Amino acid sequence: MNFILQYIDVLWLPIGLLALHKDHRAWAAAFFIGCMVMMRLQVELMVSTGFAGGFTGWWNMDVLSRGQITYSIFYVAYIVLAIYSPGTKGTIFMAASISIFFAALFTSMIVMVI
């Protein structure tokens, strides 16, 4: 069961690819895979420092669960924004994907540290 919960966020990849427009699918796949890899790197960083529960310990939740919740919120926001912007050209959509990626990265790091 632990293995399934560790990789439950992989379900967002097919959901996102099915929900988005054909022109946006390649960027969306890169966004989802990049976020999944980055979340796991952040979790490894936190666990390797010895703070698997965050630096402050205010929440009784491990950093993997916090990361999955935070990134899931950004996945939903990304899908909603992409659905409501079907005419966006490639470079603009790429820039939006990168912006949301970094917003998710910094937000999740703050949530994991707390």
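Reference entry: report on the structure contained in this document.

Definitions and cut-offs
- Residues numbered from 1 in each chain as written.
- Predicted model: local features only at pLDDT ≥ 70, side-chain atom pairs only at ≥ 80, totals over all residues.
- Heavy atoms only, no water.
- Salt bridge = Lys/Arg side-chain N within 4 Å of Asp/Glu carboxyl O.
- Helix = DSSP H or I, 4+ residues; strand = E, 2+ residues; numbered from the N terminus.
- Buried < 20%, exposed > 50% of the residue type's maximum accessible area, 1.4 Å probe, protein only.
- Polar contact = N/O pair within 3.5 Å; in protein donor to acceptor, adjacent residues only side chain to side chain.
- Contact = heavy atoms within 4.5 Å.
- Core = buried A, V, L, I, M, F, W, Y, C linked by side-chain atoms within 4.5 Å.
- Axes fitted to C-alpha atoms, helices over the stretch in contact; angles between N-to-C directions.
- Parallel < 35°, antiparallel > 145°, perpendicular 65-115°, else oblique.
- Left-handed = near helix turned anticlockwise from the far one by under 90°.
- Nonpolar A, V, L, I, M, F, W, Y, C, P; charged D, E, K, R; others polar.

Glancing now at the pattern of salt bridges. Going through the model one piece at a time under the given rule, you end up with one salt bridge. The salt bridge involving Arg-40 is made with Asp-9; its shortest N-O contact spans 2.7 Å. Of this pair, Arg-40 sits in helix H3 (residues 25-48) while Asp-9 sits in the loop between helix H1 (2-6) and helix H2 (12-19), and the two are 31 residues apart along the sequence. The class for Asp-9 is buried, based on a relative accessible area of 2%.

Relative to the helices and strands, Gln-42 resides in helix H3. Taking relative accessible area as the criterion, Gln-42 reaches 4% and is therefore assigned buried. In this structure the side chain of Gln-42 is engaged in a polar contact, spanning 2.9 Å, whose partner is the side chain of Ser-108. What Gln-42 contacts, discounting residues up to four positions off in sequence, is Tyr-71, Leu-105, Ser-108, Met-109 and Met-112.

Moving on, we get to the nonpolar core. By size, the foremost hydrophobic cluster in this structure holds 23 residues, and its most contacted members are Phe-31, Phe-32, Tyr-71, Tyr-75 and Tyr-78. Elements represented by at least two residues in this core include exactly H3, helix H4 (63-83) and helix H5 (90-113). Here Tyr-71 is in contact with Cys-35, Met-38, Met-39, Gln-42, Ala-104, Leu-105 and Ser-108, once residues within four sequence places are set aside.

Below, the discussion takes up the packing of H4 against H5. Geometry of a packed helix pair, given as the angle between the helix axes and the separation of the axes. Remark: H4 packs on H5, axes separated minimally by 9 Å, with the N-to-C direction vectors making an angle of 155 degrees. Here H4 lies roughly antiparallel to H5, going by the angle between them. In this structure, the crossing between H4 and H5 has a hand that is right-handed. Residues Val-63, Arg-66, Gly-67, Thr-70, Tyr-71, Phe-74, Tyr-78, Leu-81 and Ala-82 of H4 touch H5, and the partners they reach there are Phe-93, Ser-97, Ile-100, Ala-103, Ala-104, Leu-105, Thr-107, Ser-108, Val-111 and Met-112. Along the lines of polarity and charge, the residues of the contact of H4 with H5 split into 13 nonpolar, five polar and one charged.

For Ser-108, the location among the structural elements is in helix H5. Non-local contacts of Ser-108, meaning those with residues more than four positions away in its chain, are made with Gln-42, Thr-70 and Tyr-71.

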